[in-house]
Amino acid sequence: MPAPELTTQTPGEPLAAITPLAPTTETEPQAPALPAFTAKHNGGGRWIVYDANAPQVDGKDVKVGDFTGTKDEALAEADRLTAGGEPLVLDPERVTETKPQAVITTSDIDATALKQAVLTEAGWLCPEPVVKG
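Residues numbered from 1 in each chain as written. Predicted model: local features only at pLDDT ≥ 70, side-chain atom pairs only at ≥ 80, totals over all residues. Heavy atoms only, no water.

Just to check I follow, could you spell out the overall build of the chain for this structure?
Looking only at helices and strands, the chain features one helix and four strands. Listing every helix and strand of the chain by position from the N terminus yields β-β-α-β-β. Evaluated residue by residue, the chain yields a buried proportion of 15% over its 133 residues. Within the chain, counting contacts between residues at least 6 apart in sequence, those at least 24 apart form 16% of the total. (Helix = DSSP H or I, 4+ residues; strand = E, 2+ residues; numbered from the N terminus. Buried < 20%, exposed > 50% of the residue type's maximum accessible area, 1.4 Å probe, protein only. Contact = heavy atoms within 4.5 Å.)

Sorry if this is basic, but what is going on with the nonpolar core here?
Grouped burial of nonpolar side chains is what soluble globular proteins tend to show. Listed in full, the nine residues of the largest apolar core are Phe37, Ala39, Trp47, Val49, Val64, Phe67, Ala74, Ala78 and Leu81. For this core, the secondary-structure elements that each account for two or more residues are β1 (37-43), β2 (46-51) and α1 (71-82). Among the elements that make up this core, the one with the highest residue count is α1 (three residues). Non-local contacts of alanine 78, meaning those with residues more than four positions away in its chain, are made with Phe37, Thr38, Ala39 and Val49. (Core = buried A, V, L, I, M, F, W, Y, C linked by side-chain atoms within 4.5 Å.)

Quick question: what am I supposed to make of the pairing of β1 here?
For a regular strand, the rule is simple: side chains alternate between the two faces of the sheet. Pairing of β1 with β2, which is carried by six bridges, proceeds in the antiparallel orientation. Each bridged residue has a counterpart across the sheet, and for alanine 39 the counterpart in β2 is valine 49. The loop that links β1 with its antiparallel partner β2 comprises two residues; one of these, glycine 44, has a positive phi angle of about 65 degrees. (Pairing = 2+ DSSP bridges.)

Just to check I follow, could you spell out α1 for this structure?
Every α-helical turn comprises 3.6 residues, leaving residues that sit three or four positions apart pointing alike. In this model α1 runs 16 Å from its N-terminal to its C-terminal C-alpha over 12 residues, within 8% of the 16 Å that 1.5 Å per residue would give. Along α1, the positions that sit buried rather than exposed are Ala74, Glu77, Ala78 and Leu81. All buried residues of α1 lie within an arc of 100 degrees about the axis, which places them on one face of the element. Those residues of α1 that are exposed and angled more than 90 degrees off the buried face are Asp72 and Asp79. Glycine 84 sits one or two residues past α1 and shows a positive phi near 115 degrees. (Expected span 1.5 Å × (residues − 1). Arc of directions from axis to C-beta.)

So, in structure tokens, the structure goes:
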């Protein structure tokens, strides 16, 4: 039994516009695929953001940036990245972070009046008990 004649239809195109057995030779130039960032559950209540158009590595989606958060935060991050934002990159070694500068000197502080330890340029100054008697 021979196969029936089938006509192809593009979604949204009315059937009357298709002429049977007339191949279309027009090719529309396709725009390059824009990154489609999507939120994905990573387990344990954590959500990540990945690029849906990027190739997979070992059958897994590749995480974009260092973002990890809740579902709502991940959806907001995906929208921000799709709008053209840069991925979040954390600095775990804190190389770019500046160290706090101590401006308090030990001569300015009465150690008997302290309620808690204070960091000075010479180190930590701890409260001293009041001498009775």
